[in-house]
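Below, each chain spelled out in residue letters.
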Amino acid sequence: MSESAWLLSDRHRVKLGLGKPVRAADGSVDHFHDGSQNSRNPELTRALWKFLADYGDGPVRVVTSFQPEFTAIAEYRTIGSDAVEDVDFPEYLRDWTG
């Protein structure tokens with residue numbers, strides 16, 4: 001199983017997928033990769049900024065799928081997903097002027 005990373009707000013029970021953490025030689029995260037160049041994905045970039053505007057009033061954190069608490073966030077609403085209980089990027093970004 002490959003490692004994935006999520007930006008989340010526990011207070012609001014919402015998460016945004018960041019992709020796979022790509023690590024530097026020292027083990028620190030250098031960047032995230034989701035199969036494309038994340039920084040060149042305009043919807044993901046806008047969703048990240050909107051996430052910070054919406055949920056930055058409280059703690060936000062990054063959790064990876066290799067951390068024990070990962071299973072606890074499975075029920076969080078996912079931004080960027082088209083599952084019924086989630087919200088896709090077009091809906092999340094609709095009418096946002098940021």
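Fair warning: this is a prediction, and the values are worked out from it, not measured in the lab.

With that settled, consider the nonpolar core. Formed by 14 residues in total, the largest nonpolar core has its most connected members in Leu 16, Ala 47, Phe 51, Tyr 55, Ile 79, Phe 89 and Tyr 92. Sorting the residues of this core by element identifies strand 1 (5-9), strand 2 (14-23), helix 1 (42-55) and helix 2 (89-93) as the ones contributing at least two each. Of the residues forming this core, the biggest block, four residues, is contributed by helix 1. Non-local contacts of Ile 79, meaning those with residues more than four positions away in its chain, are made with Val 14, Lys 15, Leu 16, Gly 17, Phe 51, Tyr 55, Val 87, Phe 89 and Tyr 92. Counting residues in each nonpolar core, the second largest holds five residues, with Trp 6, Leu 8, Val 63 and Ile 73 among its members.

Let us look at the pattern of salt bridges. Side-chain pairing between opposite charges can occur once the charged atoms of the two side chains come close. Going through the model one piece at a time under the given rule, you end up with five salt bridges. The partner of Glu 3 in a salt bridge is Arg 23, with the nearest N and O atoms 3.0 Å apart. Taken together, the residues span a long stretch of sequence, with Glu 3 in the segment before strand 1 and Arg 23 in strand 2 at a distance of 20 residues. The class for Glu 3 is buried, based on a relative accessible area of 12%. Several salt bridges share partner residues, and in doing so they unite Asp 10, Arg 61 and Glu 69 into one network.

This part covers the pairing of strand 2. Pairing analysis gives five bridges linking strand 1 to strand 2, with the strands arranged antiparallel. When the sheet's bridge partners are listed, Trp 6 is paired in strand 2 with Gly 17. Hairpin connection, strand 1 to strand 2: the antiparallel pair is bridged by four residues, and Arg 13 has positive phi, about 55°. For strand 2 and strand 5 (residues 77-79), the ladder comprises three bridges, and the chain directions are parallel. Considered in strand 5, the bridge of Val 14 is made with Arg 77. Inspection of the sheet shows strand 2 paired to strand 3 (residues 29-33) by four bridges, in the antiparallel sense. Opposite Lys 20, over in strand 3, you have His 33 as the bridge partner. Two successive antiparallel strands, strand 2 and strand 3, enclose a turn made up of five residues, where Gly 27 displays a positive phi of approximately 95°.

Here we take up a nonpolar patch on the surface. A surface patch of nonpolar side chains, amounting to about 340 Å² of accessible area, comprises Leu 48, Trp 49, Leu 52 and Val 60. Mapped onto the fold, Val 60 is located in the loop between helix 1 and strand 4 (61-64). Its relative accessible area of 32% is what places Val 60 among the partly exposed residues.

Thresholds applied
Residues numbered from 1 in each chain as written. Predicted model: local features only at pLDDT ≥ 70, side-chain atom pairs only at ≥ 80, totals over all residues. Heavy atoms only, no water. Core = buried A, V, L, I, M, F, W, Y, C linked by side-chain atoms within 4.5 Å. Buried < 20%, exposed > 50% of the residue type's maximum accessible area, 1.4 Å probe, protein only. Helix = DSSP H or I, 4+ residues; strand = E, 2+ residues; numbered from the N terminus. Contact = heavy atoms within 4.5 Å. Salt bridge = Lys/Arg side-chain N within 4 Å of Asp/Glu carboxyl O. Pairing = 2+ DSSP bridges. Patch = residues over 30% accessible without salt bridge, like charges linked within 9 Å, V, L, I, M, F, W, Y side chains within 5 Å. Areas by Shrake-Rupley, 256 points an atom, 1.4 Å probe, with all protein chains shown as cover.

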